[in-house]
Amino acid sequence: MKVVHLTSAHPRYDTRIFIKMASSLALYGYDVSLVVADGNGDEQKRGIAIVDVGVKQEGRLSRMTKTVAKVFTKAKELDADLYHLHDPELIPIGLKLKKLGKKVIFDAHEDLPKQILSKAYLNKSFAKMLSYLASLFENITLKKFDAIVTATPYIRNKFKKINSNVIDVNNYPKIEEFSVEPNWLNKSNQITYIGGITRVRGICELIKSLEYTNKDTRLALVGSFSEQQLYNEVKQYEGWNKVEELGWLDRSGVSNVLSQSIAGVVTLHKIINYKDALPVKMFEYMAAGITVISSDVPLWQGIIEDADCGLCVDPQSPTAIAKAIDYLIKNPEEAKRMGENGRKAALKKYNWQIEEQKLITLYKQLLT
């Protein structure tokens, strides 16, 4: 069966779309294409035909019109049995494909109405209005799709009210990427942050926390800054002297950095968009067998306390973050114990192998 994944905003090697979903489908024998908009050309990789419609347009409005139109043209040209959409701006494409008699899945990576409410640059009243309109738009359109896939159980439950075929396929890690057992004898006093680097993901407080930690403590910073201004700001902090800036790394690079670390940090601010989210990095730290230092968001705290795999702190308190870091460095046996607990939980419950089966079952159901 021929299936096509569509994105107008995500990178071609996106972890959820390419590394996990498309790759799993190809391994199960599906003819998989991935339509992207990055200007890097077509390629064949991991048994997936990556089809490029050109550089996405600058500006949200142009992207939502011109880029989306190009994606739709290519989608029709590929003439697949099933289309899997990964961006809210592609929902109108889904409706058009449905009219052409195609099977269509929408993949909700995030809760769009809540995401809008979390945008600090939007006027609060305007954000509320946009959030309401986004929710109304979802309710009207997504009930017409063949299925909805969500990245968390919370989003799944929300969409169950408007579509009878909804499943959560969580962004849990591929255990094989973290197959090397950590050697705690070779670890240095290093903690790690992996992922997009933004203000609301706690970068300012994390760098400031290093001012209060043991002088030998180092932070391996893996990822890209969202804004040049933010990058320039944190480089002026005293704690930046303890940072090893690594930039973007591939999956093996990430695994290597984590194997050298005592703990992984996921101290995102407690904004509305994160309270019901499941941060991928938290589960990657667990899979790698290292301790988690997390925000004290109730959902995350419940997972960490249940697995006994880390410490939860106030994400906007540099001293609280520093206290957690120093505790783990001063108590390596305790850090090791919690790291081992996290890996056990990942092997048993929080892994892609389980989520993959949900996806394959859905595809079989829709294409049989």
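All of the points below concern the structure found in this document. Note that this is a predicted model, so its numbers are computed, not measured.

Notes on the sheet that holds strand 2 (residues 31-36)
- Within the open sheet, the 8 strands sit side by side as 3-4-2-1-5-6-7-8. Their pairing is mixed. Two strands bound the open sheet, and with one partner strand each, they are strand 3 (43-45) and strand 8 (166-168). Across the sheet, the axes of successive neighbouring strands diverge by a mean angle of 20°, strand direction being ignored.
- Each of strand 1 (2-6), strand 5 (82-85) and strand 6 (103-108) is contacted by helix 3 (residues 91-99), which is oriented at about 165° to strand 6, the strand it contacts most.

Description of the pairing of strand 9 (residues 190-194)
- Counting buried residues in strand 9 gives 5 out of 5 residues, a clear majority hidden from the surface.
- Burial along strand 9 is two-sided: Q190, T192 and I194 facing one way and I191 and Y193 facing the other are all buried.
- Sheet topology note: the strand 9/strand 10 (residues 218-222) ladder contains 5 bridges and is parallel. Its bridge partner being in strand 10, Q190 is matched across the sheet by R218.
- In this view, the connection linking strand 9 to its parallel neighbour strand 10 by way of helix 7 (residues 203-209) has right-handed handedness.
- Here 2 bridges tie strand 9 to strand 12 (residues 263-266), and the two strands are oriented parallel to one another. Paired with T192 across the two strands is G264, which belongs to strand 12.

Some remarks on the pairing of strand 11 (residues 243-247)
- The pairing of strand 10 with strand 11 spans 4 bridges and is parallel. Across the sheet, residue L219 finds its bridge partner in strand 11, namely V243.
- In terms of handedness, the path from strand 10 via helix 8 (residues 228-234) over to strand 11 forms a crossover that is right-handed.

Looking at the sheet that holds strand 13 (residues 291-295)
- With parallel pairing, the 6 strands of this open sheet are ordered in space as 11-10-9-12-13-14. On the outer flanks of this sheet lie strand 11 and strand 14 (310-313), each paired with one strand and no other. Looking at each pair of strands side by side, their axes are set apart by 20° on average, direction ignored.
- Helix 12 (residues 318-330) contacts strand 9, strand 12, strand 13 and strand 14 of the sheet and is inclined by roughly 165° relative to strand 14.

Let's talk about the side chain of H109
- Structurally, the position occupied by H109 is in the loop between strand 6 and helix 4 (112-117).
- At 3.5 Å, the side chain of H109 forms a polar contact with the side chain of H10.
- Polar contacts involving the side chain of H109 include one to the side chain of H86, which spans 2.9 Å.
- Every residue in contact with H109, bar those within four places of it in the chain, is listed here: H10, R16, I17, H86, A151 and I155.

The rules behind the values
- Residues numbered from 1 in each chain as written.
- Predicted model: local features only at pLDDT ≥ 70, side-chain atom pairs only at ≥ 80, totals over all residues.
- Heavy atoms only, no water.
- Pairing = 2+ DSSP bridges.
- Helix = DSSP H or I, 4+ residues; strand = E, 2+ residues; numbered from the N terminus.
- Axes fitted to C-alpha atoms, helices over the stretch in contact; angles between N-to-C directions.
- Contact = heavy atoms within 4.5 Å.
- Buried < 20%, exposed > 50% of the residue type's maximum accessible area, 1.4 Å probe, protein only.
- Right-handed = clockwise from strand over helix to strand, strands pointing away.
- Polar contact = N/O pair within 3.5 Å; in protein donor to acceptor, adjacent residues only side chain to side chain.

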